[in-house]
Number of protein chains: 2
Amino acid sequence: MTNVTTAATDPGEPPAPGPARRARGEQTRQLILETALRLFRERGYAETTMRAIAKEAGVAVGNAYYYFDSKEHLIQGFYDRNQAAHRASAEQVLADEKDFAARLRGVLHAGIDVNAPYHSFAATFFKTAAEPSSPLSPFSRESSPARDASIAIFRDVIEGSSAKLDPELRKELPELLWLGWMGVILFWVYDKSPEQRRTRRLIDGAVPLIDRLVSLSRLRVLRPALRQILALIETVRRDD
Amino acid sequence: MTNVTTAATDPGEPPAPGPARRARGEQTRQLILETALRLFRERGYAETTMRAIAKEAGVAVGNAYYYFDSKEHLIQGFYDRNQAAHRASAEQVLADEKDFAARLRGVLHAGIDVNAPYHSFAATFFKTAAEPSSPLSPFSRESSPARDASIAIFRDVIEGSSAKLDPELRKELPELLWLGWMGVILFWVYDKSPEQRRTRRLIDGAVPLIDRLVSLSRLRVLRPALRQILALIETVRRDD
DNA sequence: CACATAGCTTGAACGCGTTCAAGTTGATGT
DNA sequence: ACATCAACTTGAACGCGTTCAAGCTATGTG
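Residues numbered from 1 in each chain as written. Chains lettered and ligands numbered in written order. Predicted model: local features only at pLDDT ≥ 70, side-chain atom pairs only at ≥ 80, totals over all residues. Heavy atoms only, no water.

Draft legend 1. Spotlight on the overall build of chain A. On a plain count of helices and strands, chain A comes out with ten helices and zero strands. Listing each helix as α and each strand as β along chain A from the N terminus yields α-α-α-α-α-α-α-α-α-α. With respect to the three principal axes, the spread of C-alpha positions in chain A is 65 × 45 × 35 Å. Buried residues in chain A amount to 45% of all 240 residues. Put simply, of all contacts in chain A between residues at least 6 apart along the chain, 68% involve residues at least 24 apart. (Helix = DSSP H or I, 4+ residues; strand = E, 2+ residues; numbered from the N terminus. Buried < 20%, exposed > 50% of the residue type's maximum accessible area, 1.4 Å probe, protein only. Contact = heavy atoms within 4.5 Å.)

Draft legend 2. Spatial organisation of the interface of chain B and chain A. Facing the 41 residues of chain B at the interface are 42 residues of chain A. Carbon and sulfur atoms make up 65% of the area that chain B and chain A hide from each other, which totals about 3500 Å². Three residues stand out in chain B for area buried against chain A, namely K127(B), Y190(B) and R201(B), and they jointly supply 19% of the buried area on that side. For the pair chain B and chain A, the interface holds zero salt bridges. In this assembly, chain B and chain A are joined by eight residue pairs in polar contact (both at pLDDT 80 or more). Within the residue set of the side of chain B that touches chain A, elements represented by two or more residues are α6 (119–130), α8 (167–190), α9 (197–216) and α10 (223–237) of chain B. The biggest single contributor to the side of chain B that touches chain A is α9(B), with ten residues. In the side of chain B that touches chain A, the residues fall into 23 nonpolar, six polar and twelve charged. (Buried area = accessible area lost by both parts, 1.4 Å probe. Salt bridge = Lys/Arg side-chain N within 4 Å of Asp/Glu carboxyl O. Polar contact = N/O pair within 3.5 Å; in protein donor to acceptor, adjacent residues only side chain to side chain. Nonpolar A, V, L, I, M, F, W, Y, C, P; charged D, E, K, R; others polar.)

Draft legend 3. Summary view of the environment of S134(A). Residues and elements named next belong to chain A. On the secondary structure map, S134 appears in the loop between α6 (119–130) and α7 (144–159). A sequence separation of 28 residues divides S134 from G106, and the C-alpha atoms of the two residues are 31 Å apart. Apart from the residues lying within four places of it in its own chain, the contact partners of S134 are E72, T128 and S140.

Draft legend 4. Structural context of the packing of aromatic side chains. Across all of its chains, the model carries eight aromatic pairs over all chains by this definition. On the numbers, 4.8 Å between centres and 75° between planes, the contact of F78(A) with Y118(A) is edge-to-face. Here the residue F78(A) occupies a position in helix α4 (residues 73–96), and Y118(A) occupies one in the loop between α5 (100–115) and α6, the gap between them amounting to 40 residues. Residue F78(A) shares its accessibility class with Y118(A), and that shared class is buried. Taken together, the ring pairs in this structure connect Y190(A), F139(B) and W178(B) into an aromatic cluster. (Phe/Tyr/Trp six-rings, centres within 6.5 Å; stacked < 30°, edge-to-face > 60°.)

Draft legend 5. Examining the relation of the copies chain B and chain A more closely. Least-squares fitting of chain B to chain A yields an RMSD of 0.4 Å, with the transformation described by 0.1 Å of translation along the axis and a rotation of 180°. Expressed as an axis order, the relation between the two copies is that of a two-fold axis. Same-surface contact between copies: 100% of interface residues of chain B are shared with the interface of chain A. (Least-squares fit on C-alpha atoms with pLDDT ≥ 70 in both.)

Draft legend 6. Spatial organisation of the packing of helix α1 (residues 24–43) of chain A against α4(A). Residue and element names in this part refer to chain A. Where α1 meets α4, the closest approach of the two axes is 10 Å, and the angle between their N-to-C directions is 80°. Overall, the two elements α1 and α4 adopt an arrangement that is roughly perpendicular. Residue-level contacts link I32, L33, E34, A36, L37 and F40 of α1 to L74, G77, F78 and R81 of α4. Its residues assigned to classes, the contact of α1 with α4 shows seven nonpolar, one polar and two charged. (Axes fitted to C-alpha atoms, helices over the stretch in contact; angles between N-to-C directions. Parallel < 35°, antiparallel > 145°, perpendicular 65-115°, else oblique.)

In structure tokens, the structure reads:
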């Protein structure tokens, strides 16, 4: 039952320590998070118990719950870390390359590179992220900073590129590419081929296709279809 | 034959009773399933305990585990039931209508109609279904009968219609439409608008679009793009 | 220096899903 | 009639995530 009202006390973040009281809490918080992520990597998510995390970190099990609402909330740390790594990795690609297709391809592969070491338990993470009510859902309000950061990468892909495209489409494309990226991640999570080669092939195949479709979008015959797509996005976005 | 290759003992289905031994087991199985689905509907999935199901059904908790591998496996019953209901509902639409767009639209709305009463806890179901290793995943081997049945609906949508389309595309389209249907379901699960109106709008907007794209696919300028799409599907399907 | 107090820590206890050794039941072969 | 044995049923017990009343600790204040 925890709480039902939307507000109530909200841990999860350091419970608002005073101005400069003690940094000790933050230290414990980090210790627990580091230990948890290490054990997740070593043993997997489901196989790592909260008791084991506490024991390994040398604290009581209740202490972990003082800093994190639940076992799932420990995943948010993983999330944030990988997001930052993707950003950094993407920036390198974007600095070197001007061609739209090459930029998109580089950014997508970089994203997979960053996540690859965690493929075996990304599935479990994904499970908890998939629940719409979960704060870890990529569509949730709590995730919106991470989501915006991710969409920003795709905006950079477009804006720094030499591609010419319809202004209306240009406005929507970053979010569409992000949505496509979510699809790639979904595919990757389910990908059981060695080293997730199918996902690599999906990227290599889909990028030229997107590139071609984006170019074709300026064709006169396709103009109505494009308008129709943009109208659909608009219609669906209205949330009433 | 319930189990296939990898099998050790495989419950989940009635444990292969002899030719005409006892129908008693099947009765108990049904009783447990009915009770579980009723309680899920009344209280929600997470709030329904296995103990409560057993108590309400008048059996021991261990007995539920004789017929169902886990609490999640009870959901398969829900799955199968809704699949059958969708099929039945779709057939009515398909009997009356010859136009491709109208057929597709009718089938999609029928699918949502069937699931609508369960929207509030479909989210929880979805969570467990999303885990790739889960037998409930729509992509899992265990789900392949249900998946094939669902794809068959979309094959009927195409085959009974007056639409003319590229033979190669025709071959792939049922599966593509099914994939799109999974996307609609995903959207629906996350849809918080009253009575999931956004999902209805998504269907109403996407169907004419698909109809248009399918028609356009016979255009000469789009021929290479279509080929490219089909080649991508082929490449990605190879699982090595 | 002592005290009050906010920040932090504890671990027993709860209810959950799940397991399993031990039972019961009834159709079948003799 | 009896024995057999696979099918079915039982419920105590296990380990898990999570909660919470109680305790500890260091700092700002009198």
